[in-house]
Amino acid sequence: QVQLVESGGGLVQAGGSLRLSCAASGVSFSINAAGWYRQAPGKQRELVAGITVSGITNYADSVKGRFTISRDNAKNTVYLQMNSLKPDDTAVYYCKCKPHWAPRDYWGQGTQVTVSS
């Protein structure tokens, strides 16, 4: 079965950096698109960054220039490098993948990112 496991979250001061990882099993990131989402308390889950099979990336306006999504096919892992973090980036970050053969999305369990001012 498909399993996505996020890691790398934590507490960081404003202006700092974190790198999130999403390791997959049961699905290959080399032939399926993936994305990072986040959900802050009291807010809806929102797309942060996505990467297609061909490596095309897209970002939420709020993170452009600060966050970078990337993929390591050999490790079957997707990363989110987050720089110049702001308190508004505080949220639970989730990895998502919809395998081309599956009728639904698959989500990881989430990893907490807290940015202090």
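Rules of the game
Residues numbered from 1 in each chain as written. Predicted model: local features only at pLDDT ≥ 70, side-chain atom pairs only at ≥ 80, totals over all residues. Heavy atoms only, no water. Phe/Tyr/Trp six-rings, centres within 6.5 Å; stacked < 30°, edge-to-face > 60°. Helix = DSSP H or I, 4+ residues; strand = E, 2+ residues; numbered from the N terminus. Buried < 20%, exposed > 50% of the residue type's maximum accessible area, 1.4 Å probe, protein only. Lys NZ or Arg CZ within 6 Å of the ring centre and 35° of its normal. Core = buried A, V, L, I, M, F, W, Y, C linked by side-chain atoms within 4.5 Å. Salt bridge = Lys/Arg side-chain N within 4 Å of Asp/Glu carboxyl O. Pairing = 2+ DSSP bridges. Axes fitted to C-alpha atoms, helices over the stretch in contact; angles between N-to-C directions. Disulfide = S-S within 2.5 Å.

Description of the packing of aromatic side chains
Any aromatic ring pair is given by two values, namely how distant the centres are and how the planes are angled relative to each other.
Part 1: Scanning the model with the defined rule gives two aromatic pairs in all.
Part 2: Pairing Y94 with W107 gives two aromatic rings, centres 6.4 Å apart and planes at 85°, and the pair type is edge-to-face. Here Y94 is found in strand β9 (residues 91–97), whereas its partner W107 is found in strand β10 (residues 106–107), with 13 residues between them in sequence.
Part 3: Of the residues examined, Y94 reaches a relative accessible area of 14% and is grouped as buried.
Part 4: Overall, W107 belongs to the partly exposed group, its relative accessible area being 34%.
Part 5: Ring-pair connections join several aromatic residues into one group, and the members of that group are Y37, Y94 and W107.
Part 6: The cationic tip of R45 hangs over the ring face of Y94; the distance from NZ or CZ to the ring centre is 3.8 Å.

So, the nonpolar core
Part 1: Counting 31 residues, the largest nonpolar core has L4, F29, W36, L80, M82 and Y93 as the members making the most contacts within it.
Part 2: When residues of this core are traced back to their parent elements, those giving at least two are β3 (18–25), β4 (34–39), β5 (46–51), β7 (67–72), β8 (77–82), β9 and β11 (111–116).

A word on the pattern of salt bridges
Part 1: A full pass over the atoms with the stated rule returns five salt bridges.
Part 2: A salt bridge links R66 to D89; its shortest N-O distance comes to 2.8 Å. Separated by 23 residues along the polypeptide, R66 in the loop between β6 (57–59) and β7 and D89 in the loop between β8 and β9 bring together distant segments of the chain. Of the two residues, R66 and D89, both sit in the buried class.
Part 3: Each of R38, E46, R66 and D89 takes part in one network of salt bridges that share partners.

Overview of the sheet that holds β3
Part 1: Read across the sheet, four strands follow the order β1-β3-β8-β7 without closing on themselves; strand pairing throughout is antiparallel. The two strands at the open ends of the sheet, each matched to only one other strand, are β1 (3–7) and β7. Neighbour-to-neighbour, the strand axes of the sheet open up by a mean angle of 15°, direction not taken into account.
Part 2: As paired elements, β7 and β8 share six bridges and run antiparallel to each other. Directly across from D72, in β8, lies its bridge partner T77.

Some details on the state of the cysteines
Part 1: What the rule picks out here adds up to one disulfide.
Part 2: Between C22 and C95 runs a disulfide, and the two sulfur atoms are separated by 2.1 Å. In this structure the cystine formed by C22 and C95 twists about its S-S bond by roughly -80°; its chirality is therefore left-handed. Remark: C95 occurs in strand β9 and C22 occurs in strand β3; sequence separation between them is 73 residues.
Part 3: The exposure class assigned to C22 is buried, which follows from its relative accessible area of 0%.

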